[in-house]
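Fold and geometry: a report
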Amino acid sequence: MSEWVLEANNLTRDYSVAKGFFGQRETVRALKGVSFKLAQGKTLAIVGESGCGKSTLARILTLIDPATSGELLIDGEAVAIARQKLTPALRRKVQIVFQNPYGSLNPRQKIGKVLEEPLLLNTNKTKAERKGLAMAMLEKVGLGAEHYHRYPHMFSGGQRQRIAIARALMLTPRLLVLDEPVSALDLSVQAQILNLLADLQEELDLTYVFISHDLSVVKYIADEVLVMYFGEVVEYGSRDAVFANPQHAYTQTLFAATPRADIDSIRARVTGTQPTV
Ligand code: ADP
Ligand code: MG
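Residues numbered from 1 in each chain as written. Chains lettered and ligands numbered in written order. Predicted model: local features only at pLDDT ≥ 70, side-chain atom pairs only at ≥ 80, totals over all residues. Heavy atoms only, no water.

1. A short note on the overall build of the chain
Within the chain, the secondary structure is distributed over 11 helices and 10 strands. For a compact globule of 277 residues, the expected C-alpha radius of gyration is about 19 Å, and the chain comes in at 19 Å, within 12% of that figure. Sorting the 277 residues of the chain into buried and exposed places 48% on the buried side. Counting contacts in the chain only where the partners sit at least 6 residues apart, residues at least 24 apart contribute 67% of the total. For the chain, the separation between the mean place of its 32 positive charges and that of its 29 negative charges on side chains is 7 Å. (Helix = DSSP H or I, 4+ residues; strand = E, 2+ residues; numbered from the N terminus. Rg over C-alpha atoms; globule rule 2.2 N^0.38 Å. Buried < 20%, exposed > 50% of the residue type's maximum accessible area, 1.4 Å probe, protein only. Contact = heavy atoms within 4.5 Å. Lys, Arg positive; Asp, Glu negative; His and termini not counted. Charge placed at Lys NZ, Arg CZ, Asp CG, Glu CD.)

Here is the structure:
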């Protein structure tokens, strides 16, 4: 196992988009050379406004989409850009959690089956073993055996996000990419999910890429921060350095637009130093 769970060197991604009425197409470069290194057990927050390329990067890091150029290493192993050689073992190491888990949950599938499916598809475990692991995972994410037979619509937003996290962890990945995982939740529920993620990271030695546009969440969860602006990395460093002394004009604007009290509000909620409202 490599010290670096994730290494990105100059990743780019082009999209071909329709232009005008006559079927012409034009190439838009959504990522313009993104580089970083992430060590095991750490959390890298990726910040930036809507459309700057965060989800594009998330899909490349989790092997859903290919990069156009550049180099990606997972656990020290180079991922071929052409990707013919993506092995199941490599795929299992990286999992993604989306902002809206409801969209990725089959409404007719009971939660127990949701959790067992990755095991069914990727392992030789028996039915009884799969059920045992699903039950254990329900407990790990703060749900219980009574939830095993329920359907997605019977859960709250926060509970569904717990299910999405549980499903992502079923194949014991090294890296979770969390794409705005708490952005759709009420503030008090956000704090619970952030708490859960922090506990799981410690217990399972997980590495996180955490995408957010919320500086208070980033300040609470991140070890390192990477700020993107129109597909480019405009800021990259330790959380404390970036928060203390943002270098780039865009980052300075972002910070200026968020009052200090707001930046510290999630920490206060999670640690209980301030009553929740
Ligand atoms: P973010 O997650 O930061 O909001 P995205 O990665 O979703 O940003 O999008 C980055 C840019 O790439 C946007 O300009 C978006 O319109 C464009 N884009 C994203 N996905 C596609 C796609 N499948 N086809 C064409 N353009 C896309
Ligand atoms: Mg996005």
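Here the narrative resumes, following the displayed structure.
2. A closer look at the environment of Leu197
Within the element layout of this structure, Leu197 appears in helix H6 (residues 187-204). A residue is classified by how much of its surface remains accessible, and Leu197, at 0% relative accessible area, is buried. For the pair formed by Leu197 and Tyr208, sequence separation is 11 residues and the distance between their alpha carbons is 9.2 Å. Excluding residues within four positions of it along the chain, Leu197 makes contact with Ile165, Leu178, Tyr208 and Phe210.

3. Concerning the site of ligand 1
Around ligand 1, a shell composed of Tyr15, Val17, Ala30, Glu49, Ser50, Gly51, Cys52, Gly53, Lys54, Ser55, Thr56 and Arg59 is seen. A distance of 3.3 Å separates an oxygen atom of ligand 1 from a polar backbone atom of Cys52. At 3.1 Å, a backbone N or O of Gly53 approaches an oxygen atom of ligand 1. Those elements giving two or more residues to the shell around ligand 1 turn out to be strand E1 (4-19) and helix H1 (54-61). Residue composition of the shell around ligand 1, by class: four nonpolar, five polar and three charged. (Near = heavy atom within 4 Å. Polar contact = N/O pair within 3.5 Å; in protein donor to acceptor, adjacent residues only side chain to side chain. Nonpolar A, V, L, I, M, F, W, Y, C, P; charged D, E, K, R; others polar.)

4. Describing unusual backbone geometry
If you check the backbone angles, Asn10 has positive phi at about 55° while not being a glycine. With respect to the element layout, Asn10 can be found in strand E1. Given a relative accessible area of 48%, Asn10 falls into the partly exposed group. Of note in this structure, Phe230 is not a glycine but carries a positive phi near 50°. Turning to its location among the elements, Phe230 is positioned in the loop between strand E9 (224-229) and strand E10 (232-238). For Phe230, a relative accessible area of 51% translates into the label exposed.

5. Re the sheet that holds strand E6 (residues 94-97)
With mixed pairing, the six strands of this open sheet are ordered in space as E6-E7-E8-E3-E9-E10. Across the chains shown, the open sheet's two edge strands, defined by having one partner strand only, are E6 and E10. Mean inter-strand twist for the sheet, computed between neighbouring axes without regard to direction, equals 15°. Inspection of the sheet shows strand E3 (residues 43-47) paired to E9 by four bridges, in the parallel sense. Paired with Ile46 across the bridge in E9 is Leu226. Contacting E3, strand E7 (175-179) and strand E8 (207-212), H6 runs over the sheet at an angle of about 160° to E8. (Pairing = 2+ DSSP bridges. Axes fitted to C-alpha atoms, helices over the stretch in contact; angles between N-to-C directions.)

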